Amino acid sequence: MKKSIITVVGKDQIGIIAKVCSYLSESRINILDISQTIVGGYFNMMMIVDLNESQKNFLQISDGLEALGKGIGCIIKIQMEDIFNEMQRL
Amino acid sequence: MINLNEVLETNKMIEKENLDVRTITLGISLLDCISDSLQKLNENIYAKITETAKNLISAGCQIEKEYAIPIVNKRISVTPIALIGASACKTPEDFVTIAKTLDRAAQKVGVNFIGGYSALPSKGMTKAEKDLILSLPEALSSTERICSSVNLASTKTGINMDAVALMGKVIKKIAEATKDRDSFGCSKLVVFCNAPDDNPFMAGAFHGVTEGDTVINVGVSGPGVIRSALEEIKDADFTTLCETIKKTAFKVTRLGQLVAIEASRLLNIPFGIVDLSLAPTPIVGDSIAEILECMGLEKAGAPGTTAALAILNDQVKKGGIMASSSVGGLSGAFIPVSEDHGMIDAAACGALTIEKLEAMTCVCSVGLDMVAVPGKTSASTVSGIIADEMAIGMVNQKTTAVRIIPVVGKDVGDTAEFGGLFGRCPIMRVNPFSCDAFIARGGRIPAPIHSFKN
């Protein structure tokens with residue numbers, strides 16, 4: 001299973017998690033872990049997700065999340081987990 | 001499991017500190033294209049490059065998306081053309097046809113530069129090598145994407161002073177041929193001592209004959225990331241300073257290794273090396289000079305600069321070696337003047353001189369890089385500057401290089417504008433005393449002794 005990391009950064013407001021989660025649910029993407037924090041009024045969230053069951057490919061999901069982010073005033077990115085494992089772990 | 005802080009740190013490096021993959025360079029051997037028919041040779045070269053590199057750009061774009069990491073350049077390096085064209089090319093004009101073929105092939109596959117229009121006359125010079133060198137003014141002024149390099153010296157062979165003298169004249173001619181663009185042609189030519197076979201960075205990239213048929217080499221860059229890490233430890237001692245650079249270089253290099261392996265997998269081409277070089281760009285926050293200033297120097301070029309650069313270079317290598325099992329290329333800090341806004345400022349205010357740059361090249365990667373000098377600088381003075389730099393490389397068993405631009409019609413106080421990643425450069429003062437008689441001697445400086453190191 002290849003895991004990916006979704007990050008959501010933007011001004012805090014009602015419903016950010018709900019909107020991101022409904023997109024993931026529609027795209028049949030399973031959430032494995034969520035953590036979030038608010039720093040200086042800015043919402044920072046990270047999700048570890050599994051794309052195996054999704055009917056969409058990585059690029060479609062990436063574009064879909066980017067468009068969703070624009071709609072709610074956040075920057076949403078999805079990245080393969082390897083980049084963090086490689087840079088942050090020996 | 002990866003935590004939020006780690007994710008935010010990595011993304012901060014990418015978004016705020018200009019961490020990027022500077023280049024994925026696909027090395028292609030053209031040895032199997034050789035023919036004694038010039039037309040056939042050109043056809044073979046075009047076919048081989050366009051077939052081998054057809055997926056390079058799309059693979060690069062896919063990796064950019066998957067990891068949300070910018071890959072600034074996708075490029076190609078080929079076997080030195082003086083070898084490939086030796087049988088078919090009888091004149092410099094014949095070599096120019098190959099330059100144009102390479103340019104077309106590069107355009108077709110969508111890369112911005114192709115390196116390897118090169119010759120390696122570090123000991124003796126064949127007729128083909130001489131013809132290729134003589135073709136450079138025409139080749140570099142009539143093409144867009146060709147990069148050229150000439151290896152004039154090595155620790156094993158000494159310095160070919162005939163070739164050094166010739167390059168001085170040729171560099172002046174290239175400057176003249178591209179005078180309407182501030183002699184920009186010279187920025188696509190680098191002369192080397194101890195040129196590596198696997199360097200992914202332009203203008204000096206070529207696919208050496210020691211390499212396999214095809215190879216993926218990757219150059220990472222992160223001056224902004226290192227500077228940002230150093231800003232957090234402003235008053236720390238040198239031990240902490242070194243440790244911080246080393247740890248940061250480790251992370252940056254791991255990214256390069258990941259991208260190289262992924263590109264290798266997507267293209268089904270073997271992974272060669274990661275080049276650890278720290279390469280600046282003209283944008284603020286992506287500068288080697290800023291790192292030196294962050295270490296405590298008022299400007300790059302101030303006393304202490306050589307020591308600061310030595311620390312940076314060594315610690316980047318120490319961190320990088322731990323991060324990748326396949327390190328190669330140039331692997332050091334680059335100090336191109338025109339491509340680094342901190343270096344531009346330092347040169348403009350008089351803090352940085354050619355002589356100080358020369359000292360800096362003793363402890364870091366490459367050498368006098370993207371240095372603009374007055375257009376009136378004589379060919380023999382250009383050769384003298386090259387000879388000095390070759391001597392540093394030869395004696396110290398390291399790669400050194402010169403990419404010098406005698407800007408036609410400009411003098412000290414003016415600025416040359418090259419545009420884009422090539423940046424701009426204040427014209428730097430050159431020592432006015434002559435070395436004509438020294439360069440006119442001709443012949444070869446023998447290889448140095450490898451014992452009695454003092």
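These notes cover the structure that comes with them. Nothing here was measured: the structure is a model prediction, and the numbers come from that model.

With that settled, the discussion passes to the overall build of chain B. Secondary structure assignment for chain B yields 15 helices and 14 strands. Here the C-alpha atoms of chain B give a radius of gyration of 21 Å, agreeing with the 22 Å that 2.2 N^0.38 yields for 454 residues. Projected onto its principal axes, the C-alpha positions of chain B cover 65 × 55 × 45 Å. For chain B, buried positions account for 63% of its 454 residues. When contacts within chain B are restricted to residue pairs at least 6 apart in sequence, long-range pairs at least 24 apart make up 78% of them. Carbon and sulfur atoms make up 53% of the accessible area of chain B, which totals about 16500 Å². Side-chain charges of chain B comprise 44 positive and 50 negative groups, with the mean position of each set lying 3 Å from the other.

A separate point is the sheet that holds strand β2 (residues 30–39) of chain A. Residue and element names in this part refer to chain A. Taken in spatial order, the 4 strands line up as β2-β3-β1-β4 in an open sheet, and their pairing is antiparallel. Single-partner strands in this sheet number two, and they are β2 and β4 (74–80). Sheet twist, expressed as the average angle between the axes of neighbouring strands with direction ignored, equals 15 degrees. The pairing of β2 with strand β3 (residues 42–50) spans 9 bridges and is classified as antiparallel. Bridging across to β3, T37 finds its partner in N44.

This part takes up the packing of helix α2 (residues 38–52) of chain B against helix α5 (residues 92–109) of chain B. Residues and elements named next belong to chain B. Their axes nearest at 9 Å, the elements α2 and α5 cross at an angle of 20 degrees. Considered as vectors, α2 and α5 are oriented roughly parallel to each other. Crossing of α2 against α5: the hand is right-handed. Packed against α2, whose contacting residues are L38, L41, N42, I45, Y46, I49 and T50, the element α5 presents D94, T97, I98, T101, L102, R104, A105, K108 and V109 at the interface. Class assignment for the residues of the contact of α2 with α5 results in 9 nonpolar, 4 polar and 3 charged.

Our focus in this paragraph is unusual backbone geometry. Residues and elements named next belong to chain B. Of the consecutive residues M202 and A203, the connecting peptide bond is found in the cis state with omega at 5 degrees. Within the element layout of this structure, A203 appears in the loop between β6 (189–193) and β7 (214–221). Its identity as a non-glycine residue notwithstanding, D182 has a phi of 55 degrees, on the positive side. Examined against the element boundaries, D182 turns out to sit in the loop between α7 (161–177) and β6. In this structure, S331 takes a positive phi of about 45 degrees despite not being glycine. Checked against the element boundaries, S331 lands in the loop between β9 (327–328) and α12 (341–348).

Residue and element names in this part refer to chain B. Evaluated as defined, the whole model comprises 4 aromatic pairs over all chains. Residues F113 and F422 carry aromatic rings whose centres are separated by 5.8 Å and whose planes lie at 80 degrees to one another, so their mutual orientation is edge-to-face. Of this pair, F113 sits in the loop between α5 and β3 (114–115) while F422 sits in the loop between β12 (415–417) and β13 (424–426), placing them 309 residues apart in sequence. Neither residue differs from the other here; F113 and F422 are each classed as buried. Measuring from centroid to centroid gives 5.0 Å for F184 and F422, while their planes differ by 85 degrees, and the two rings are edge-to-face. Of this pair, F184 sits in the loop between α7 and β6 while F422 sits in the loop between β12 and β13, and the two are 238 residues apart along the sequence. For F184, a relative accessible area of 9% puts it in the buried group. Clustering of aromatic rings is evident, with ring pairs tying together F113, F184, F418 and F422. Stacked on the ring of Y46, the Lys or Arg R104 has its end atom at 4.7 Å from the ring centre.

Moving on to the pairing of strand β1 (residues 20–28) of chain B. Residue and element names in this part refer to chain B. When you tally the buried positions in β1, you get 9 out of 9 residues, the bulk of the element. Inspection of the sheet shows β1 paired to β7 by 8 bridges, in the antiparallel sense. Paired with V21 across the bridge in β7 is V220. Of the pairings in the sheet, the one linking β1 to strand β2 (residues 71–78) comprises 7 bridges and is parallel in character. Bridge pairing links I24 to K74 in β2.

Residue and element names in this part refer to chain B. In the structure shown here, the tally under the stated rule is 0 disulfides over all chains. Residue C193 stays outside any disulfide, its sulfur separated by 12 Å from that of C362, the closest cysteine. Residue class for C193 comes out buried when judged on its relative accessible area of 0%. Free of any disulfide, C294 has its nearest cysteine sulfur in C242, 14 Å distant. Owing to a relative accessible area of 11%, C294 belongs among the buried residues under this scheme.

What counts as what
Residues numbered from 1 in each chain as written. Chains lettered and ligands numbered in written order. Predicted model: local features only at pLDDT ≥ 70, side-chain atom pairs only at ≥ 80, totals over all residues. Heavy atoms only, no water. Helix = DSSP H or I, 4+ residues; strand = E, 2+ residues; numbered from the N terminus. Rg over C-alpha atoms; globule rule 2.2 N^0.38 Å. Buried < 20%, exposed > 50% of the residue type's maximum accessible area, 1.4 Å probe, protein only. Contact = heavy atoms within 4.5 Å. Areas by Shrake-Rupley, 256 points an atom, 1.4 Å probe, with all protein chains shown as cover. Lys, Arg positive; Asp, Glu negative; His and termini not counted. Charge placed at Lys NZ, Arg CZ, Asp CG, Glu CD. Pairing = 2+ DSSP bridges. Axes fitted to C-alpha atoms, helices over the stretch in contact; angles between N-to-C directions. Parallel < 35°, antiparallel > 145°, perpendicular 65-115°, else oblique. Left-handed = near helix turned anticlockwise from the far one by under 90°. Nonpolar A, V, L, I, M, F, W, Y, C, P; charged D, E, K, R; others polar. Phe/Tyr/Trp six-rings, centres within 6.5 Å; stacked < 30°, edge-to-face > 60°. Lys NZ or Arg CZ within 6 Å of the ring centre and 35° of its normal. Disulfide = S-S within 2.5 Å.

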